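Okay, here's what each chain looks like letter by letter:
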Amino acid sequence: MHLTELQGANLRCFTEFSLTPVSGVNLLLGENGAGKTSIIEAIHILGYGRSFRGRVRDGLIKQSTGALQITTRWHDHQGTPHQAGLQHSGNDWQARQDGADVDNLSQFCSHFPVLSFEPGSHALISGAAENRRRFVDWALFHVEPDFFPQWRRFNRALKQRNALLKTQPAPQTLAAWDMEYAESGEAIHFYRQRYLDSLNPGFQAICHEFLPECGPAALTYNAGWRQAQMGLLDALRLNQDRDMQTGFCGVGPHRADWQANLNGQLQQEHFSRGQAKLLALSALLAQAQQFVAEKDFWPILCFDDLASELDAGHFRRVLQWLSDTHAQIWISGTEALPIYAEIFPVLKLFHVEQGRVSDLQ
Ligand SMILES: Nc1ncnc2c1ncn2[C@@H]1O[C@H](COP(=O)(O)OP(=O)(O)OP(=O)(O)O)[C@@H](O)[C@H]1O
Ligand SMILES: [Mg+2]
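Every chain is numbered independently, its residues counted from 1 as its sequence is written. Starting at A for chains and at 1 for ligands, labels are handed out in the order in which the entities are written. Confidence filtering applies because this is a predicted model: local features only for residues at pLDDT of at least 70, side-chain atom pairs given and counted only at 80 or more, and all residues used for totals across whole chains, interfaces and linings. Side-chain calculation: all heavy atoms of the structure are included, whereas hydrogens and water are not.

With that settled, consider the pairing of strand β15 (residues 356-359). If DSSP finds at least two bridges between two strands, the strands pair. Counting from the N terminus, the helices are DSSP H or I runs at least four residues long and the strands are E runs at least two residues long. As judged from the four bridges shared by strand β14 (residues 347-353) and β15, these two strands associate in the antiparallel manner. The partner of phenylalanine 350 across the bridge, within β15, is aspartate 359. Remark: two residues form the turn of the hairpin made by β14 and β15, two consecutive strands paired antiparallel; glycine 355 in that turn has positive phi of roughly 80 degrees.

Next up on the list: the side chain of histidine 88. Locating histidine 88 in the fold gives a position in strand β5 (residues 81-88). Only 3.1 Å separates the side chain of histidine 88 from the backbone nitrogen of glycine 90, close enough to count as a polar contact. Pairs of N or O atoms are called polar contacts if they sit within 3.5 Å, as long as, within protein, a hydrogen donor faces a hydrogen acceptor (for residues adjacent in sequence, only side-chain-to-side-chain pairs).

Quick look at the sheet that holds strand β6 (residues 93-97) now. Pairing in this open sheet of six strands is antiparallel, and the strands run β2-β1-β4-β5-β6-β7 from one edge to the other. Every other strand in the sheet has two partners, leaving β2 (14-19) and β7 (100-102) as the edge strands with one partner each. In this sheet, adjacent strand axes meet at a mean angle of 15 degrees when their direction is disregarded. Taken together, the seven bridges between strand β1 (residues 2-11) and strand β4 (residues 68-75) define a ladder with antiparallel strand orientation. In the strand pairing of β4, glutamine 7 is matched with threonine 71. Whether two residues touch is decided by their heavy atoms; if any such pair falls within 4.5 Å, the residues are in contact. Here, axes are lines fitted to C-alpha atoms. For helices the fit covers the stretch in contact, and angles between N-to-C directions go from 0 to 180 degrees. Relative to the sheet, helix α1 (residues 36-48) contacts β1, β2, β4 and β5, its axis offset from that of β1 by approximately 110 degrees.

On to the packing of helix α4 (residues 129-143) against helix α6 (residues 171-210), then. Packing of α4 against α6 brings their axes to within 10 Å, and their N-to-C directions diverge by 90 degrees. Classified by the interaxial angle, the pair formed by α4 and α6 is roughly perpendicular. In this structure, α4 contributes Arg133, Phe135, Val136, Asp137, Ala139 and Leu140 to the contact, and α6 contributes Tyr191, Arg192, Tyr195, Leu196 and Leu199. Of the residues assigned to the contact of α4 with α6, the class counts are eight nonpolar, no polar and three charged. For this classification, under 35 degrees means roughly parallel, over 145 means roughly antiparallel, 65 to 115 means roughly perpendicular, and everything else is oblique. Basically, the charged four are Asp, Glu, Lys and Arg, the nonpolar ten are Ala, Val, Leu, Ile, Met, Phe, Trp, Tyr, Cys and Pro, and anything else, Gly included, counts as polar.

On to helix α10 (residues 312-323). The first and last C-alpha atoms of α10 sit 16 Å apart over twelve residues, in line with the 16 Å expected at 1.5 Å per residue. Looking at α10, one finds that the buried residues are His314, Phe315, Val318, Leu319, Trp321 and Leu322. Burial along α10 is one-sided: seen end-on, the buried residues are contained in an arc of 155 degrees. A helix is expected to reach a length of 1.5 Å times the quantity of its residues less one. Any residue under 20% of the maximum accessible area for its type is buried, any over 50% is exposed, and the rest in between are partly exposed; the area is computed with a 1.4 Å probe on protein chains only. Each C-beta atom gives one direction from the helix axis, and the arc is the one those directions make.

Turning to the site of ligand 1, a few remarks are in order. The local shell around ligand 1 holds 16 residues, among which Gly33, Lys36, Thr37, Ser38 and Gly59 are the closest. One nitrogen or oxygen atom from the main chain of glycine 33 is found 2.8 Å from an oxygen atom belonging to ligand 1. Residue glycine 35 places a main-chain N or O atom 2.8 Å away from an oxygen atom belonging to ligand 1. Relative to its free-state accessible area of 660 Å², ligand 1 is covered by the protein chains to the extent of 70%. Grouping the amino acids of the shell around ligand 1 by side-chain chemistry returns three nonpolar, eight polar and five charged. Note on definitions. A residue lies near a molecule or strand when any single heavy atom of the residue is within 4 Å of it. Method for areas: the Shrake-Rupley scheme with a 1.4 Å probe, in which residue coverage is limited to the protein chains shown.

On to the nonpolar core. Side chains of nonpolar character tend, in soluble globular proteins, to be buried together. The biggest cluster of nonpolar side chains holds 117 residues, and the ones touching the most others in it are Leu3, Leu6, Phe303, Leu319, Leu322, Trp330 and Ile331. A domain-level breakdown of this core finds at least three residues from each of domain 1 (1-113 + 299-361) and domain 2 (124-297). Sequence-distant contacts of phenylalanine 303, defined by excluding residues within four places in its chain, comprise Ile40, Phe117, Leu281, Leu284, Leu285, Leu322, Ile329, Trp330, Ile331 and Ser332. The definition of a nonpolar core used throughout is a set of buried Ala, Val, Leu, Ile, Met, Phe, Trp, Tyr and Cys residues joined through side-chain atoms within 4.5 Å. The domain limits used here are those given by an automatic or database domain assignment.

Glancing now at the side chain of glutamine 328. Mapped onto the elements, glutamine 328 comes out in the loop between α10 and β13 (329-333). Residue glutamine 328 is classed as buried on the basis of its relative accessible area, which comes to 0%.

In structure tokens:
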């Protein structure tokens, strides 16, 4: 699956831009503030319906303009050409695909499996648990058809139960939501655990390649309740008094998390910036590999400012790994480093400057 054309209008510094990428590696080069991240953002928005730099209305739309537009042509994994467009006014969005309106943003995004890595992606390792849950849920959204309905079901039950908790309800009133909550919560847990188990070997292998000096790596998972001892329904009942006191549900998959360990120890707070970046990259690339195993095609891989914080040796290992994939790859950077041409024999270079993108070759 790869984009064959990408156009945008009213996106940050761009009034308009248009690119014709290759199915392999696309390099976006330009000075600081030129608009490289904004182009990566455009691809990310196709895949997620939102930016990795906050809400659409918080600065994504070019100042003093109307709606942001992103249009694209792409070939699916069977080589069939498609086209699609997304328009966002800051308050609402409209989408079209292959000439027809799409009224469900998730359905639109499901056509664009995009994995993006940007300077904030360290958060996958060293940030809040929400980043790590979202990471796992992205994969399940794409590969497990039953996941999203269960996720919606659980979130509805969580919202209802939390609203009820604020009203000091009788225990039997609260219990009315317990079964729905526990069933959907257990389903989410089941999919997440199975997914992380399947991700672990790939993650370990990539870490070994990227960070051989750090010893063996692994992922450990926490369900969001003492899952090894009891089911979610029992945990919920056991926690009921505390939930009544705090006014929100304290056990469930909304509290789940996973950690990357090196050398068998939890070292999250000890990782250097470069190590955290390499661990986060390992997790993301293991996810891409796992996606291929399930779907038989590569997601689009975007790397904003890939070279930053990596020394020459580690950077080389990452590029070498990428050169073995069949993914459409987007990399942004400030310089045309010779290593790009050395490692990727086929490469398309774009020059990004304030408000303009042009082909460099
Ligand atoms: N809503 C907006 N309207 C107009 N211009 C904007 C808006 N938001 C951001 N910009 C400008 O868009 C430009 C592009 O920003 P972007 O972050 O894409 O640059 P970059 O090439 O990734 O830079 P760096 O190398 O520093 O990461 C910047 O000059 C920024 O000030
Ligand atoms: Mg940038």
